[in-house]
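# Architecture at a glance
Below, each chain spelled out in residue letters.
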Amino acid sequence: MDIATTAGLPDGQAAPGSARRYRQAGRWRLAVIVLSALALFVLAGAVAVVGIFETGLATLLAIVVEKLSFGYVKANADPQQARVLLYLRLPRVVMAIVAGGSLAFAGVLMQAITRNPLVSPYTIGVSSAAAFGASVAIMFGVGFSAAGLYFVPLTAFLFALGCAVLVFSMAWLRGMGAQTMVLTGIALMYLFSAMTAAVQFVATQEQLARVVHWTFGSLNGIGWDAVAVAGLALLIALPLAQAKAWQFNALTSAGDDVSRSLGINVAMLRGLAVVLSVVVSAVVISFTGVIGFVGLIGPHVGRLIIGSDHRYLIPFASICGAALLLLADTLGRMAFSPTVIPVGIVVAFVGVPLFLHLILSRRSEYFS
């Protein structure tokens, strides 16, 4: 891709032949995104009716239509099936889509501002900080009666956000460099991991079981309130990042100096990307626990299929992450039914071979 197009200049300023080919490629990429979104929608419907208590697609559609019509269209479905779909299956399926999309979205932004394809939202210590926050909440239960069931997610979110602010502040003092952010984040990640281990060391058996289960990452017990919060965060963050897609293109392809010469405020762009990626990933982690690899693999799968133009990569990588987490959760539910394997474990088993395949199959300079 030429610098004129990548940096955000109009197609007319590029060579006519390259501009025409670029427009054709853009239409193809847009078609891939639309078809992938439709395929994800169909997959979600198929997954929602699969389980120990099986239902049909017709029942699912009838219940969804009834809810969307505010009760004007009656589903006439079995009450038990309706409860299973509305309060167990659908929240879990939608949260898998939102969580996977959020983590992959955050991974794209982090890889763009660091120009490092091996970076994920967890690299700056967000997951470790959230795990420590949840461990402290479970261990001591400070204010548990006031915050109720939301105390653990709220504490995990605040610790994750605090870690990101600390990394951001230290990087800002050092000139907002990508390398500073990554190194600071890695240091804090080890620090919070050690503190989490210390909490586990002194925890009771019951507390230890809860902490370990939270660190596995799971979609068990997800309700519509959690889906609404995580979905709202993603819906706000996506358009804001999409509006800066050209600037991300310039930063990843040309570097900081060229981007500044084009009028891009690199420090402000990095700050916005860090805020958006941290907020969406911290919200997800606070409800689901630590789910790794999605934020790392989703962007790579997106680049492998659709290329590195962030106008298309941001939405498509989110779709890839959503599909990956949805499939992993379904596998965890069905593989040893009725035992449910936490999705964080399944993602690791699926993600590591896939990531190794990507490393071996991609061009060597991509990972250089």
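Refer to the structure above for everything that follows.
The structure displayed is predicted, hence computed values, not measured ones.

### Quick notes on a nonpolar patch on the surface
Judged by side-chain polarity, Leu 30, Val 34, Leu 35 and Leu 38 come together as a nonpolar surface patch covering roughly 390 Å² of accessible area. On the secondary structure map, Val 34 appears in helix α2 (residues 16-48).

### Considering a positive patch on the surface
On the surface, Arg 20, Arg 21, Arg 23 and Arg 27 cluster together into a patch of positive charge. Here Arg 23 is to be found in helix α2. For Arg 23, a relative accessible area of 41% puts it in the partly exposed group.

### A few points about the nonpolar core
Counting residues in hydrophobic clusters, the biggest one holds 103 residues, and the most contacted among them are Phe 105, Leu 109, Ile 113, Trp 214, Phe 248 and Ile 291. By residue number, the principal contributor to this core is helix α4 (residues 79-114), which donates 17 residues. Setting aside its immediate chain neighbours within four residues, Phe 248 contacts Leu 109, Ala 112, Ile 113, Ala 241, Leu 269, Ala 273, His 310 and Ile 314.

### Focus on the packing of α4 against helix α12 (residues 266-288)
One way to put it is that α4 packs onto α12 with a least axis distance of 9 Å and a crossing angle of 150°. By the angle between their axes, α4 is roughly antiparallel relative to α12. The chirality of how α4 crosses α12 is left-handed. In this structure, α4 contributes Met 95, Ala 99, Ser 102, Leu 103, Phe 105, Ala 106, Leu 109, Met 110 and Ile 113 to the contact, and α12 contributes Leu 269, Arg 270, Ala 273, Val 274, Leu 276, Ser 277, Val 280, Ser 281, Val 284, Phe 287 and Thr 288. Tallied by class, residues from the contact of α4 with α12 come to 15 nonpolar, four polar and one charged.

### A short note on the environment of Tyr 87
Along the chain, Tyr 87 turns up in helix α4. For the pair Tyr 87 and Trp 224, spaced 137 residues apart in sequence, the C-alpha to C-alpha distance is 7.8 Å.

### A few points about the packing of helix α7 (residues 151-173) against helix α8 (residues 178-202)
Across the interface, α7 lies against α8 with an axial gap of 9 Å and an inter-helix angle of 140°. Between α7 and α8, the angle falls in the class oblique. Here α7 runs over α8; the crossing is right-handed. Where α7 abuts α8, its residues Phe 159, Cys 163, Leu 166, Val 167, Met 170 and Ala 171 lie against Thr 180, Met 181, Thr 184, Gly 185, Leu 188 and Phe 192. Broken down by class, the residue content of the contact of α7 with α8 amounts to nine nonpolar, three polar and no charged.

### Side note on unusual backbone geometry
One non-glycine residue with positive phi stands out, namely Arg 115, at about 55°. Note on placement: Arg 115 falls in the loop between α4 and α5 (126-140). Overall, Arg 115 belongs to the partly exposed group, its relative accessible area being 44%. Positive phi is not limited to glycine here, since Phe 293 has a value of about 75°. Within the element layout of this structure, Phe 293 appears in the loop between α12 and α13 (294-306). Among the residues examined, Phe 293 registers a relative accessible area of 29% and is labelled partly exposed.

### Here we look at the packing of aromatic side chains
Summed over all chains, the structure comprises two aromatic pairs. Measuring from centroid to centroid gives 6.0 Å for Phe 132 and Phe 192, while their planes differ by 45°, and the two rings are tilted. Taken together, the positions of Phe 132 in helix α5 and Phe 192 in helix α8 put the pair 60 residues apart, joining distant regions of the chain. Ring pairing ties together the aromatic residues Phe 132, Phe 159 and Phe 192, which thus form one cluster.

### Topic: the pattern of salt bridges
Per the stated rule, a full pass over the model turns up four salt bridges. One salt bridge in this structure joins Asp 329 and Arg 92, with 2.8 Å as the shortest N-O distance. Here Asp 329 is found in helix α14 (residues 310-334), whereas its partner Arg 92 is found in helix α4, with 237 residues between them in sequence. When its relative accessible area of 3% is taken as the criterion, Asp 329 is described as buried.

Cut-offs applied
- Each chain carries its own residue numbering, running from 1 in the written order of its sequence.
- In keeping with the predicted nature of the model, local features appear solely for residues at pLDDT of at least 70, side-chain atom pairs appear and are counted solely at 80 or more, and the whole-chain, interface and lining totals rest on all residues.
- The basis for every side-chain value is the complete set of non-hydrogen atoms in the structure, without hydrogens or water.
- Think of a patch as exposed residues, more than 30% relative accessible area, with no salt bridge, where like charges cluster within 9 Å and nonpolar side chains (Val, Leu, Ile, Met, Phe, Trp, Tyr) cluster within 5 Å.
- Per-residue accessibility takes into account occlusion by the displayed protein chains alone, with areas from the Shrake-Rupley method and a 1.4 Å probe.
- Salt bridge, as applied in this entry: a Lys or Arg side-chain nitrogen positioned within 4 Å of an Asp or Glu carboxyl oxygen.
- Runs of E in the DSSP output that reach at least two residues are strands. Runs of H or I that reach at least four are helices, and both are numbered from the N terminus.
- Asp and Glu count as negative and Lys and Arg as positive, but His and the ends of the chain are not part of the count.
- Taken as the charge centre is NZ of Lys, CZ of Arg, CG of Asp or CD of Glu, depending on the residue.
- Relative accessibility decides the category of a residue: with a 1.4 Å probe and only protein chains considered, values under 20% of the type maximum give buried, values over 50% give exposed, and everything between is partly exposed.
- Definition of nonpolar core: a set of buried residues of the types Ala, Val, Leu, Ile, Met, Phe, Trp, Tyr and Cys, connected through side-chain atoms within 4.5 Å.
- Any pair of residues with heavy atoms lying within 4.5 Å of one another is described as a contacting pair.
- Helix axes use the C-alpha atoms of the stretch in contact, all axes being lines fitted to C-alpha atoms, and the angles between their N-to-C directions lie in the range 0 to 180 degrees.
- Throughout this description, any angle smaller than 35 degrees is read as roughly parallel, any larger than 145 degrees as roughly antiparallel, any in the 65 to 115 degree range as roughly perpendicular, and the remainder as oblique.
- Left-handed is the label given to a crossing in which the near helix is rotated counterclockwise from the far helix by less than a right angle, and right-handed is the label when the rotation is clockwise.
- Charged means Asp, Glu, Lys or Arg here, nonpolar means Ala, Val, Leu, Ile, Met, Phe, Trp, Tyr, Cys or Pro, and polar covers whatever is left, Gly included.
- Between rings of Phe, Tyr and Trp, where Trp is taken as its six-membered ring, a pair exists when centres lie within 6.5 Å; planes separated by under 30 degrees are stacked, by over 60 edge-to-face, and by other angles tilted.

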